[in-house]
Amino acid sequence: MELKKGQEVMAWIGSANRDEIVFDKPDVFDSNRSPNNYLSFGNGVHFCLGSQLAKLEAKICITEMLEVLPDMKLDTTKKLRIIPSTFVYRYKELPVIVGLE
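One numbering rule holds for all chains: residues counted from 1, following each sequence as written. Totals for whole chains, interfaces and linings use all residues, but because this is a predicted model, local features are given only for residues with pLDDT of at least 70 and pairs of side-chain atoms are given and counted only at 80 or more. Computation of side-chain values: all heavy atoms of the structure, hydrogens and water removed.

**What to know about the overall build of the chain**
Thinking step 1. Starting at the N terminus, helices and strands are each numbered in turn, a helix being any DSSP run of H or I of at least four residues and a strand any DSSP run of E of at least two. A tally of regular secondary structure across the chain gives one helix and four strands.
Thinking step 2. When its helices and strands are written in sequence order, the chain yields α-β-β-β-β.
Thinking step 3. Scaling as 2.2 N^0.38, a compact globule of 101 residues should have a C-alpha radius of gyration of about 13 Å, whereas the chain reaches 18 Å, well beyond that.
Thinking step 4. Based on the C-alpha atoms only, the size of the chain along its principal axes is roughly 60 × 35 × 20 Å.
Thinking step 5. Each residue is placed in one exposure class: buried if its accessible area under a 1.4 Å probe, protein chains only, is under 20% of its type's maximum, exposed if it is over 50%, and partly exposed if it falls in between. Scored against the burial criterion, the 101 residues of the chain give a buried share of 7%.
Thinking step 6. By definition, residues are in contact when any of their heavy atoms lie within 4.5 Å. In the chain, 24% of the contacts between residues at least 6 apart in sequence involve partners at least 24 apart.
Thinking step 7. Taken as two groups, the 13 positive and 14 negative side-chain charges of the chain have centres that lie 6 Å from each other. This radius of gyration counts C-alpha atoms alone. The globule rule is 2.2 Å times how many residues there are, raised to the power 0.38. Here Asp and Glu are counted as negative and Lys and Arg as positive; His is not counted, and neither are the chain ends. In plain terms, the charge of a residue is placed at NZ if it is Lys, CZ if Arg, CG if Asp and CD if Glu.

Here's what the structure looks like:
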């Protein structure tokens, strides 16, 4: 694609990790995706210094949560609501069911 003088460009961070050229099935959550060249912590000289701590905290949190709540599952009776934003792609909440029904 060639840009012409005066043409506007918008960088949309919400699409950065959803590029089908870079990621196989970009809309599917896969914690074991490899290679996983995501841009969540920046890139190059702007790479987040706290990225390793954040990854470790997330791993510990998710591991502990799944250990305590092994039967937790997505509540498919509720519709996921996307928060409209031109900055990031996110959901308002993640409805889950814990324990016995």
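**Let's talk about the confidence of the model for the chain**
Thinking step 1. When pLDDT is averaged along the chain, the result is 87, and 96% of the positions lie at 70 or above.
Thinking step 2. Each residue gets a pLDDT score, which is the predictor's confidence in that residue and runs from 0 to 100. When pLDDT is averaged over each helix and strand of the chain, the minimum, 85, is found for strand 3 (residues 90-91) and the maximum, 94, for helix 1 (residues 51-68).

**Some details on the environment of Leu-56**
Thinking step 1. Take Leu-56: it is sitting in helix 1.
Thinking step 2. Residue Leu-56 is classed as partly exposed on the basis of its relative accessible area of 47%.
Thinking step 3. A sequence separation of 25 residues divides Leu-56 from Arg-81, and the C-alpha atoms of the two residues are 28 Å apart.

**Brief notes about unusual backbone geometry**
Thinking step 1. Look at the link from Ser-34 to Pro-35: it is a cis peptide, with omega at -5°.
Thinking step 2. Summarising the element assignment, Pro-35 is placed in the segment before helix 1.
Thinking step 3. Even without being glycine, Lys-25 reaches a positive phi, approximately 55°.
Thinking step 4. Looking at the secondary structure, you find Lys-25 in the segment before helix 1.
Thinking step 5. Lys-25 gets classed as exposed once you look at its relative accessible area, which sits at 55%.

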